[in-house]
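One letter stands for each residue in the lines below.
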Amino acid sequence: MTGQCICCGRTQDLRLGTCWDCAEAESVIEDGIDMRDVAPPKIEGLSTSMSKLQYILRKYMKITTTPPSKLG
């Protein structure tokens, strides 16, 4: 069904009120795996939660920068 996503507001095909992108991002945040049951890679030097954030930013915001492997 096509409609407005309750999370991002875009008009998309919906699954339980959210678009695929928002459902997948929620799955990564909540369960640590995407909608295809694949875990985002753990980035050396980042915590698990920051690795998840980096995965989401790269996938949906199309960022290309790589974080430094060591902080400081």
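What you see is a predicted model, and the numbers here were worked out from it, not measured in a lab. (Residues numbered from 1 in each chain as written. Predicted model: local features only at pLDDT ≥ 70, side-chain atom pairs only at ≥ 80, totals over all residues. Heavy atoms only, no water.)

## Remarks on helix α1 (residues 20–31)
Under the 1.5 Å per step criterion, the end-to-end length of α1 is 16 Å for 12 residues, consistent within 8% with the ideal 16 Å. Among all positions in α1, only Cys-22, Ala-23, Glu-24, Ala-25, Ser-27 and Val-28 are buried. Tucked into the core, α1 has its buried residues touching β3 (18–19) and α2 (48–61). (Helix = DSSP H or I, 4+ residues; strand = E, 2+ residues; numbered from the N terminus. Expected span 1.5 Å × (residues − 1). Buried < 20%, exposed > 50% of the residue type's maximum accessible area, 1.4 Å probe, protein only. Contact = heavy atoms within 4.5 Å.)

## Digging into the side chain of Ser-51
Turning to its location among the elements, Ser-51 is positioned in helix α2. A relative accessible area of 3% places Ser-51 in the buried class. With near-sequence residues (within four places) excluded, Ser-51 lies in contact with Pro-41, Lys-42, Ile-43 and Leu-46.

## With respect to the sheet that holds β3
The strand order β1-β2-β3 describes an open sheet built from 3 strands, whose pairing is antiparallel. Edge positions in the sheet fall to β1 (2–4) and β3, since each of these pairs with one other strand and no more. The sheet contact formed by strand β2 (residues 11–15) and β3 spans 2 bridges and is antiparallel. Within β3, the residue paired with Arg-15 across the bridge is Thr-18. (Pairing = 2+ DSSP bridges.)

## Thoughts on the pattern of salt bridges
Applying the stated rule across the entire model yields 3 salt bridges. A salt bridge links Arg-36 to Glu-24, with the nearest nitrogen and oxygen atoms 3.1 Å apart. Taken together, the residues Arg-36 in the loop between α1 and α2 and Glu-24 in helix α1 connect sequence positions 12 residues apart. Take Glu-24: its relative accessible area is 1%, and that puts it in the buried class. Residue Lys-59 is joined to Glu-24 by a salt bridge in which the shortest nitrogen-to-oxygen separation is 2.8 Å. Residue Lys-59 is found in helix α2, and its partner Glu-24 is found in helix α1; the two are separated by 35 residues along the sequence. Among the residues examined, Lys-59 registers a relative accessible area of 28% and is labelled partly exposed. The structure contains a network of salt bridges with shared partners spanning Glu-24, Arg-36 and Lys-59. (Salt bridge = Lys/Arg side-chain N within 4 Å of Asp/Glu carboxyl O.)

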